[in-house]
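Geometric and topological summary
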Amino acid sequence: MKRRAGFVLMSLAAAMIMTACRNDRPSQTSVTADAAALLGAWRSRIVFQDGPLAGMKDLEFLQSYNAGGTMTESSNYDEASNSSPPAYGIWKQVGPNQFQTKYLFYTTKESGPEVPPNRDWWPAGHGLLTETITLSADGQSYTSTIRLATYDLKDALLPNGGGEGTGTGTRIVF
């Protein structure tokens, strides 16, 4: 009887150790079925109510949401003088059909006296966009609220460099 009790205890301990060491638990970066609804390419229109981008009434973004929580954004102003290049960031699900993105872009300024005018644009700092997305029930469109914050080269928040806006997006499909 003692031998059987020892065997049962040892078997139970081994099973507990094996269960605890399993590596099939979902990781924080795994994509749930709901989160997978955002994956893919999107086209959005953004309107800022205030801040430095409030005058851009035709602002559009192309965004790509990747499994694992990364994203890339490009706008229809990427090639304009003194504009910003594409933005890179992260996204996460924050509720049913609710997602939050955070993406960064660099800002530029005209060259100084050391370089002939109209030749190049030089680093001026960076911007941070934080967007909260509500996905439609069919997963083909969304509405969003977006916040902008801009910083100088020393990471100091610029006065009057922020703004808030709203957006609408549609999935890019064949």
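Below is a summary of the structure that appears in this document. Residue numbers restart at each chain and count upward from 1, following the sequence in its written direction. The predicted nature of this model means local features are confined to residues of pLDDT at least 70 and side-chain atom pairs, given and counted, to a pLDDT of 80 or more, with totals for whole chains, interfaces and linings taken over all residues. To obtain the side-chain values, all non-hydrogen atoms of the structure were used and water was disregarded.

1. A short note on the packing of aromatic side chains
Between rings of Phe, Tyr and Trp, where Trp is taken as its six-membered ring, a pair exists when centres lie within 6.5 Å; planes separated by under 30 degrees are stacked, by over 60 edge-to-face, and by other angles tilted. Within the structure shown, the criterion is met by four aromatic pairs. Centre to centre, the rings of W42 and Y142 are 5.2 Å apart; their planes meet at 55°, and the pair counts as tilted. Linking W42 in strand β1 (residues 40-48) with Y142 in strand β7 (residues 141-151), this pair joins segments that are 100 residues apart in sequence. Y142 shares its class with W42; the two are buried. Ring geometry for Y65 and W91: centres 6.2 Å apart, planes at 90°, overall edge-to-face. One end of the pair, Y65, is in strand β2 (residues 60-65); the other, W91, is in strand β4 (residues 87-95), and 26 residues separate them in sequence. In this pair, the class of Y65 matches that of W91, namely buried. Put simply, the rings of Y65, W91 and F99 pair up and form one aromatic cluster. Under the DSSP-based scheme used, a helix requires at least four consecutive residues in state H or I and a strand at least two consecutive residues in state E, with every element numbered from the N terminus. Only protein chains enter the accessibility calculation, which uses a 1.4 Å probe; a residue is then buried when its area is under 20% of its type maximum, exposed when over 50%, and partly exposed in between.

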